[in-house]
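# Observations on the model geometry
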Amino acid sequence: MRNLGAKIGKTLIHLALDLWVAIVCIIVWSVGLALTVGLAVTVVGGAVALAATLAVCMAIGSLERARAAAFLGVEIPSPRLVPVGAKPRYGVLGRYVSSQSAWNALGYVFIKSITGIVSFAAAITVWSLGFAFLLWPLVRPLVPSQRSAGYLEVATTGRALGVLLLGAVLLVVVAPAVTLLLGALNAQLVAALLGAGREDELKAKVAEETTRRNAAVEGAEAERRRIERDLHDGAQQRLVALGMTLGLAKEKLDSDPEQARQLMNEAHTEAKAAMTELRSIARGIHPAVLEDRGLDAALSSIAALAPIPVRIRVQLPERLGPTIEGAAYYVVSEALTNIAKHAHATEATVTIEVRPRNNRPYVVVTVVDDGSGGAGIVANGGLSGLQDRVAALSGTLSIDSPNYGPTTLIAEIPRWT
């Protein structure tokens with residue numbers, strides 16, 4: 001009941017503002033029409049006036065979508081000025097004049113200049129009548145009149161109760177129903193003329209999926225190059241050195257057993273170092289502890305190797321899927337690596353939790369350090385690769401890093417991925 005009352009109140013505020021919106025719309029389309037027709041003889045002047053009018057209508061459309069979201073609780077996606085794949089001619093003028101969304105906005109402005117006044121008048125009338133009938137039995141005896149008020153004459157108790165009942169019905173039933181109906185009609189009008197068309201939505205989704213696919217491919221390619229580089233620069237070099245040391249030890253085995261023993265010890269050391277390198281690379285591909293014991297244990301192992309104290313807070317109701325766990329692990333791993341290399345920080349905090357956004361659950365990974373700041377996402381950088389990895393899961397990666405810190409990195413990944 002409280003929610004219904006709040007909805008009626010917000011809708012009533014929306015309808016009360018409709019009058020002023022209608023006045024603005026009348027001014028916009030009438031002035032725009034006058035300028036366009038008046039300057040049409042110069043062709044260019046008329047085109048500029050028309051494009052300017054359409055641009056103002058698009059701006060009004062943005063405000064109307066925001067007003068519908070704030071007061072009517074309706075989220076309407078913004079249309080594209082130019083459909084995906086389209087290449088308009090004649091620069092900015094062509095973008096507006098050739099845009100279906102801009103012409104729809106102009107149509108909305110014209111229609112709203114009428115419906116805004118009507119909806120405002122209807123809402124004010126029905127609520128005013130309700131209050132008038134409800135208060136009439138109290139006010140009527142104080143109003144001197146030489147003429148009968150007909151049924152509204154409250155000289156008798158029955159008439160007074162009838163007027164009171166009529167006012168109560170208007171206020172409790174009719175006025176709220178009319179208000180919600182007008183609000184729904186307003187929302188439908190905004191959605192029909194100011195929202196993204198189905199074709200635009202489909203094209204936008206295709207373009208978005210293509211971007212995600214490209215990001216995933218680029219991320220996989222960058223990961224392959226990293227593994228190849230690590231193998232070439234690390235484990236491969238150690239294995240080559242191990243082979244050479246074993247070869248020298250074999251040659252010295254008969255002539256100089258002591259030297260051979262020393263070379264064997266060196267080879268043993270190289271073998272252990274190579275194993276360590278291979279474990280590190282394998283952990284970078286997909287750590288076994290992540291699969292066996294979950295995100296909390298895997299991140300704790302990273303924190304234990306960090307050169308600064310790292311606090312880990314994993315607040316999850318259950319295990320996440322392997323894809324999300326892997327993405328969260330890489331975000332934290334890369335963030336802590338960057339902190340160790342560049343931030344000059346003394347401590348860091350990692351928090352992983354599930355938060356609702358747009359009525360859907362998101363896994364939110366937050367990494368905060370008290371370092372020198374100034375970090376950012378640059379092309380071909382480590383954070384750029386992370387951004388592509390997160391984007392491939394329909395998520396977002398952002399960083400807030402003012403000079404002198406602190407730095408906050410946030411990755412948000414849809415829970416249903």
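What counts, and at which threshold
- Residues numbered from 1 in each chain as written.
- Predicted model: local features only at pLDDT ≥ 70, side-chain atom pairs only at ≥ 80, totals over all residues.
- Heavy atoms only, no water.
- Helix = DSSP H or I, 4+ residues; strand = E, 2+ residues; numbered from the N terminus.
- Buried < 20%, exposed > 50% of the residue type's maximum accessible area, 1.4 Å probe, protein only.
- Contact = heavy atoms within 4.5 Å.
- Areas by Shrake-Rupley, 256 points an atom, 1.4 Å probe, with all protein chains shown as cover.
- Pairing = 2+ DSSP bridges.
- Axes fitted to C-alpha atoms, helices over the stretch in contact; angles between N-to-C directions.
- Phe/Tyr/Trp six-rings, centres within 6.5 Å; stacked < 30°, edge-to-face > 60°.
- Disulfide = S-S within 2.5 Å.
- Patch = residues over 30% accessible without salt bridge, like charges linked within 9 Å, V, L, I, M, F, W, Y side chains within 5 Å.
- Salt bridge = Lys/Arg side-chain N within 4 Å of Asp/Glu carboxyl O.
- Expected span 1.5 Å × (residues − 1).

Of regular secondary structure, the protein chain possesses eleven helices and five strands. Expressed as a percentage of its 417 residues, the buried residues of the protein chain come to 34%. Looking at the protein chain alone, contacts between residues at least 24 apart form 69% of all its contacts between residues at least 6 apart. Accessible surface for the protein chain amounts to roughly 24,200 Å². Of this, 63% is attributable to carbon and sulfur atoms.

This part takes up the sheet that holds strand 5 (residues 407-414). Taken together, five strands build an open sheet; the order of strands is 1-2-3-5-4 and the sheet is mixed. The outermost strands of the open sheet, each flanked by one partner alone, are strand 1 (310-315) and strand 4 (396-400). The mean inter-strand angle of the sheet, taken between neighbouring strand axes irrespective of direction, is 15 degrees. In the sheet, strand 1 pairs with strand 2 (residues 348-357) via six bridges, with the strands oriented parallel. From the neighbouring strand, Val314 faces strand 2, where its bridge partner is Ile352.

This paragraph deals with the packing of aromatic side chains. Under the definition given, this model contains three aromatic pairs. Here Trp29 and Phe110 contribute two aromatic rings whose centre-to-centre distance is 5.1 Å and whose plane-to-plane angle is 70 degrees, an arrangement assigned as edge-to-face. Placement of the pair is Trp29 in helix 1 (residues 2-38) and Phe110 in helix 4 (residues 100-139), with a sequence separation of 81 residues. The interplanar angle of 80 degrees and the centroid separation of 5.7 Å between the aromatic rings of Tyr329 and Tyr330 together place this pair among those described as edge-to-face. Of the residues examined, Tyr329 reaches a relative accessible area of 4% and is grouped as buried. Given a relative accessible area of 13%, Tyr330 falls into the buried group.

Let us now look at the state of the cysteines. Summed over all chains, the structure comprises zero disulfides. In this structure Cys25 is a free cysteine whose sulfur lies 7.7 Å from that of Cys57, the closest cysteine sulfur available.

What follows concerns unusual backbone geometry. Non-glycine residue His344 carries a positive phi angle of around 55 degrees. Checked against the element boundaries, His344 lands in the loop between helix 10 (322-343) and strand 2. Its relative accessible area of 67% is what places His344 among the exposed residues. Phi is positive for Ser394, which is not a glycine, with a value near 65 degrees. Within the fold, Ser394 resides in the loop between helix 11 (382-391) and strand 4.

Taken together, the side chains of Ile13, Leu17, Trp20, Ile23, Ile27, Val31, Leu35 and Leu39 present a nonpolar region at the surface, about 710 Å² in accessible area. The topology assignment puts Val31 in helix 1.

What sets the pattern is the α-helix's 3.6 residues per turn: residues three or four places apart point alike. If you check helix 10, its first and last C-alpha atoms are 30 Å apart, about what 22 residues at 1.5 Å a residue would give, namely 32 Å. The first or second residue beyond helix 10 is His344, which carries a positive phi of 55 degrees.

Here we take up the pattern of salt bridges. Overall, the coordinates contain six salt bridges when judged by the stated rule. Here Asp18 ties to Arg67 by a salt bridge, and the two come within 2.8 Å at their closest N and O atoms. Of this pair, Asp18 sits in helix 1 while Arg67 sits in helix 2 (residues 44-72), placing them 49 residues apart in sequence. The class of Asp18 is buried, set by a relative accessible area of 0%. Among the charged side chains, a salt-bridge network with shared partners connects Asp18, Glu64, Arg67 and Lys112.

The next subject is the pairing of strand 4. Examined bridge by bridge, strand 4 and strand 5 share five bridges and lie antiparallel to one another. Bridge pairing links Ile399 to Leu409 in strand 5.

Spatial relationships are all this shows, so hold off on functional conclusions.
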